[in-house]
Amino acid sequence: MQRLKTTFLLALLTVLMVTMGNAMGGRSGIVTAFVIALGMNFFSYWFSDKIVLRMYGAQEIGEHDHPTFYNLVRNLAMRAGLPMPKVYIIPSDSPNAFATGRNPQNAAVAATEGILRILSPEELEGVMAHELAHVQNRDILVGTIAATFAGAISMIGNMLQWGAMFGAGRSDEEDGGGIAGLVGSLAMAIIAPIAAMLIQMAVSRSREYLADATGAEICGRPLALASALRKLHMASHQLPMQEARPATAHMFIVNPLTGGGLMELFSTHPPMEERIARLEQMAVRR
């Protein structure tokens, strides 16, 4: 269901972009915006692993540096049928973890020093299985596609706003739509980028649900992952990650940025209570 939901949301982004392109009155603008957004996000897709690992000061480890953690990841990768990813430790007391890399052959998983301290071996296994699930499900690619469409829609929105402003001085006969057309263009220029952002965040949330389910299958312990999420949710509020940035928040297993109310609509992570409930339901069905 989460895969179907992702497909539907990406199709919705496509329809929204085409609709805005038609409102702009030509294909050249939509093609230009899409190519620019594609170029920007292709760079991010290709080099995001190096950028984000360097951003958080992650240190690569081998089997001799941290044998327990390294072997845990290796065993999970074998269970999932994935190549062995590079393994990193982030020098941060805030408990969290993420995966990155453009494909399974160029993947990396990273965990903070804090998460290694507070989780049991079974809980840590559940967390790293979740991260390997992101690799298996190619979520970096899916996220890049969503970001490309959302970025293109935002650019087209800016073009529509500028076009509406430059056309504001024309008469009704020249304009063809008068004030109503101007208001309609401005409304679409403002609302569509917000709608695209909401859809992009919904894509991210659907991939988190999918990674929870896939990770639970890889490790075979849905309740261990549920327990880990409960601990991480509480600990991340008590000890937030000061170095976290909104651009990379979606990569972590637990959102390092806090927010509530309407901000939940723009959250890259589903409600923690719902994630835990779904894992507990999986355990009952096993």
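Note that the structure is predicted; figures quoted are calculated from it, not measured.

Definitions and cut-offs
- Residues numbered from 1 in each chain as written.
- Predicted model: local features only at pLDDT ≥ 70, side-chain atom pairs only at ≥ 80, totals over all residues.
- Heavy atoms only, no water.
- 1 Å grid on protein atoms, 1.4 Å probe; cavity = no way out; pocket = protein on both sides within 12 Å on 5 of 7 lines; lining within 4 Å.
- Points joined across faces, edges and corners; volume = space filled by probe spheres on them.
- Helix = DSSP H or I, 4+ residues; strand = E, 2+ residues; numbered from the N terminus.
- Nonpolar A, V, L, I, M, F, W, Y, C, P; charged D, E, K, R; others polar.
- Buried < 20%, exposed > 50% of the residue type's maximum accessible area, 1.4 Å probe, protein only.
- Pairing = 2+ DSSP bridges.
- Patch = residues over 30% accessible without salt bridge, like charges linked within 9 Å, V, L, I, M, F, W, Y side chains within 5 Å.
- Areas by Shrake-Rupley, 256 points an atom, 1.4 Å probe, with all protein chains shown as cover.
- Salt bridge = Lys/Arg side-chain N within 4 Å of Asp/Glu carboxyl O.
- Phe/Tyr/Trp six-rings, centres within 6.5 Å; stacked < 30°, edge-to-face > 60°.
- UniProt positions renumbered as here; feature names shortened; annotations may be inferred.
- Contact = heavy atoms within 4.5 Å.
- Polar contact = N/O pair within 3.5 Å; in protein donor to acceptor, adjacent residues only side chain to side chain.
- Core = buried A, V, L, I, M, F, W, Y, C linked by side-chain atoms within 4.5 Å.

Topic: the layout of surface pockets
Its volume calculated, the second largest pocket comes out at about 240 Å³. What lines the second largest pocket is a set of 13 residues, among which Gln2, Tyr209, Leu210, Ala213 and Arg278 lie closest to the centre. Contributing elements (two or more residues each) for the lining of the second largest pocket: helix H1 (2-24), helix H8 (178-219) and helix H10 (272-285). With six residues, H10 is the largest single contributor of residues to the lining of the second largest pocket. Of the residues that constitute the lining of the second largest pocket, the class distribution is six nonpolar, two polar and five charged.

A word on the pairing of strand E4 (residues 108-112)
In terms of burial, E4 is a largely internal element, five of the five residues being buried. Burial of E4 is two-sided: the residues Ala108, Ala110 and Thr112 facing one way and the residues Val109 and Ala111 facing the other way are all buried. Pairing between strand E2 (residues 86-90) and E4: five bridges, direction parallel. Opposite lysine 86, over in E4, you have alanine 108 as the bridge partner. Across four bridges, strand E3 (residues 97-100) lies against E4 in antiparallel orientation. Looking at E4, one finds that alanine 97 is bridged to alanine 111.

Things to note about a nonpolar patch on the surface
A cluster of nonpolar side chains, Phe42, Phe43, Trp46, Phe47, Ile51 and Met55, forms an exposed patch at the surface whose accessible area comes to about 570 Å². When you line up the elements, phenylalanine 43 lands in helix H2 (residues 27-55).

What about the packing of aromatic side chains?
Per the counting criterion, the structure on display carries three aromatic pairs. Ring geometry for tyrosine 56 versus phenylalanine 98: centroids 6.3 Å apart, planes at 55 degrees, classification tilted. In this pair, tyrosine 56 is assigned in the loop between H2 and strand E1 (59-61) and phenylalanine 98 in strand E3, connecting sequence segments 42 residues apart. Given the relative accessible area of 1%, phenylalanine 98 is considered buried. Ring geometry for phenylalanine 98 and phenylalanine 252: centres 5.1 Å apart, planes at 75 degrees, overall edge-to-face. Of this pair, phenylalanine 98 sits in strand E3 while phenylalanine 252 sits in the loop between helix H9 (222-238) and H10; the two residues are 154 residues apart in sequence, bridging distant segments of the chain.

Remarks on the UniProt feature "binding site: Zn(2+)" (unreviewed entry) in the protein
UniProt records the feature "binding site: Zn(2+)" (unreviewed entry) for His130, His134 and Glu208 in the present numbering. Over a stretch of 79 residues, the named residues converge on one spot in the fold, their C-alpha atoms separated by at most 8.7 Å. Here histidine 130 shows up in helix H5 (residues 121-136). The residues contacting histidine 130, other than those within four sequence positions of it, are Glu208, Ala211, Asp212, Gly215, Leu225, Ile253 and Arg275. Among the secondary structure elements, glutamate 208 is positioned in helix H8. Of the residues examined, glutamate 208 reaches a relative accessible area of 2% and is grouped as buried. Those residues in contact with glutamate 208 that lie beyond four places of it in its chain are His130, His134, His250, Phe252, Ile253, Thr268, His269, Pro270 and Arg275. One polar contact links glutamate 208 to histidine 134, side chain to side chain, over a distance of 3.1 Å.

Re the nonpolar core
In this structure, Phe69, Leu76, Ile115, Val127, Met128, Leu229 and Ile253 are the most contacted members of the largest nonpolar core, which totals 40 residues. Looking at this core, the elements that each hand over two or more residues are helix H3 (67-80), E2, E3, E4, H5, H8, H9 and H10. Residues contacting valine 127, with those up to four places away along its chain left out, are Ala97, Ile115, Leu119, Leu225, Ala228, Leu232 and Ile253. Counting residues in hydrophobic clusters, the runner-up holds 19 residues, among them Leu9, Ala146, Leu160 and Val203.

Focus on the pattern of salt bridges
Within this structure, the stated rule accounts for 10 salt bridges. Here glutamate 63 makes a salt bridge to arginine 74, at a shortest N to O gap of 3.0 Å. One end of the pair, glutamate 63, is in the loop between E1 and H3; the other, arginine 74, is in helix H3, with 11 residues separating them in the sequence. The salt bridge partner of arginine 278 is glutamate 274, with a shortest N-O separation of 2.8 Å. Residue arginine 278 and its partner glutamate 274 are located together in helix H10, separated by four residues, close to a single helical turn. Assessed through its relative accessible area of 33%, arginine 278 is described here as partly exposed.

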